[in-house]
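Take a look at the letters that make up each chain.
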Amino acid sequence: MAGVNLVRAAVLAAVTIGLATEHLSLPLILVAAAVLGISETLVDTALTSTVPLVVQPTDRTRANARIEATINVANQLAGPPLAGALAGVALALTTGAGAVLYGVAVAGIAVLAVNSSHRAPRMELTRLAADLTAGMRFLWRQRTIRTLTLFTAAMNLVWGAALALLVVFAVAPGPLGLTPAQYGVMLTAMAAGGLAASIVVDSLRRRIGPAKLLIADCVGTVLFVAPIALGLNVWAVAAGVIVAGAGSSVWRILVATIRQNLAPVDLLGRVYSASRVVSWGALPVGAGTAGVIAEVWDVRTAFAAATVLALVMLAAFVPFAARTDLSVALAPAEHHAA
């Protein structure tokens, strides 16, 4: 994490210098975008692998919830308007601030390394091919992680479709007739729903159980697309967006905790990477398919297809959640004590 954040700081510093000297070119922008995209994947993988090294199993849901809340606040609520405000003064301020913040992140990681008494086990990398496939093999053999990954992929087909076409439906001349600013408020409300859910998810897990929470997220995915498929008004669409944002945070937090508790520490990064290939790989498939349906028929037909898929996913997930004791995976020590 420290090394990659140093790379990200250097890339944004280079972009800042290019902006300040008016030498910024399209090739530099493309290279910077590619490096930042690769870096985000590496840091996300390292971050989820670090949680078990510093947090006991009973506290991992709370830890993942705090990470999710931070992401919602920084990436979705505070980051975009701050970038807009800085860009209003000078674009170089935006990229320069990003470079400085990545440097701050490196300092925070250094403090974590000093204060932590845990150390990650060293992995043998002599068999590269085996290392590359080890995560996928474990994922496929571990029933709970495999099933949750496949459900996440199915859900991401729906989300990919919805996010690709929501702006077309919502912003004028789309049927909802929103202005760009109003559409921004709707997306901010989605992030706020995710933030609220991340604050209360650990408490809700203890009170009603993880299975019901994950089922509620599946319902939220249906509510994300069904109001548009049914041609409901803007308030119904906005309510569905907020509920979906809350459910998405709950799903990511609980599934991350289950994966951290069931996968060996030395394999966790590779298991997470394999899971991400499967689940995130569904996003562009959903977006592309929805685009084709909207082009051949119309946007509401694409949302209707996404609604059908979301309902099928909900119907399949309920029996899985009913017969699987997810509480053991989320807090094994807590369960054995009881």
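This is a predicted model, so every value here is computed, not measured. (Residues numbered from 1 in each chain as written. Predicted model: local features only at pLDDT ≥ 70, side-chain atom pairs only at ≥ 80, totals over all residues. Heavy atoms only, no water.)

> Please clarify how the nonpolar core should be interpreted in this entry.
Soluble globular proteins: nonpolar side chains tend toward being buried together. Counting residues in each nonpolar core, the largest one holds 54 residues, and the members touching the most others are L148, F224, W251, F303 and F317. Contributions of two or more residues to this core are made by α6 (143-170), α7 (180-208), α8 (210-229), α9 (234-262), α11 (282-296) and α12 (299-323). Per-element tally for this core: the top contributor is α6, with 11 residues. The residues contacting W251, other than those within four sequence positions of it, are L148, F151, T152, M155, L214, D217, C218 and F317. In this structure, L139, I145, L267 and V271 belong to the second largest nonpolar core, which totals eight residues. (Core = buried A, V, L, I, M, F, W, Y, C linked by side-chain atoms within 4.5 Å. Buried < 20%, exposed > 50% of the residue type's maximum accessible area, 1.4 Å probe, protein only. Helix = DSSP H or I, 4+ residues; strand = E, 2+ residues; numbered from the N terminus. Contact = heavy atoms within 4.5 Å.)

> Got a minute to help me understand the confidence of the model for the protein chain in this structure?
Here the protein chain shows a mean pLDDT of 83. Residues at 70 or above account for 91%. Averaged pLDDT values over the elements of the protein chain bottom out at 48 in helix α14 (residues 332-337) and peak at 92 in helix α1 (residues 2-21). (pLDDT = per-residue confidence, 0-100.)

> Before we go on, may I ask you to explain the packing of aromatic side chains in this structure?
The description of an aromatic ring pair rests on the distance of the ring centres and on the angle between the ring planes. Per the counting criterion, the structure on display carries six aromatic pairs. Both rings, one in F317 and one in F320, keep their centres 5.7 Å apart while their planes meet at 50°; by these two values the pair is tilted. Of this pair, F317 and F320 both sit in helix α12, three residues apart, which is roughly one turn of the helix. Its relative accessible area of 1% is what places F320 among the buried residues. Among the aromatic side chains, those forming a connected cluster through ring pairs are F151, W251, F317 and F320. Directly above the aromatic system of W140 lies the positively charged group of R146, at a separation of 5.6 Å from the ring centroid. The aromatic ring of W280 is capped on one face by R276, whose charged end is 3.9 Å from the ring centroid. (Phe/Tyr/Trp six-rings, centres within 6.5 Å; stacked < 30°, edge-to-face > 60°. Lys NZ or Arg CZ within 6 Å of the ring centre and 35° of its normal.)

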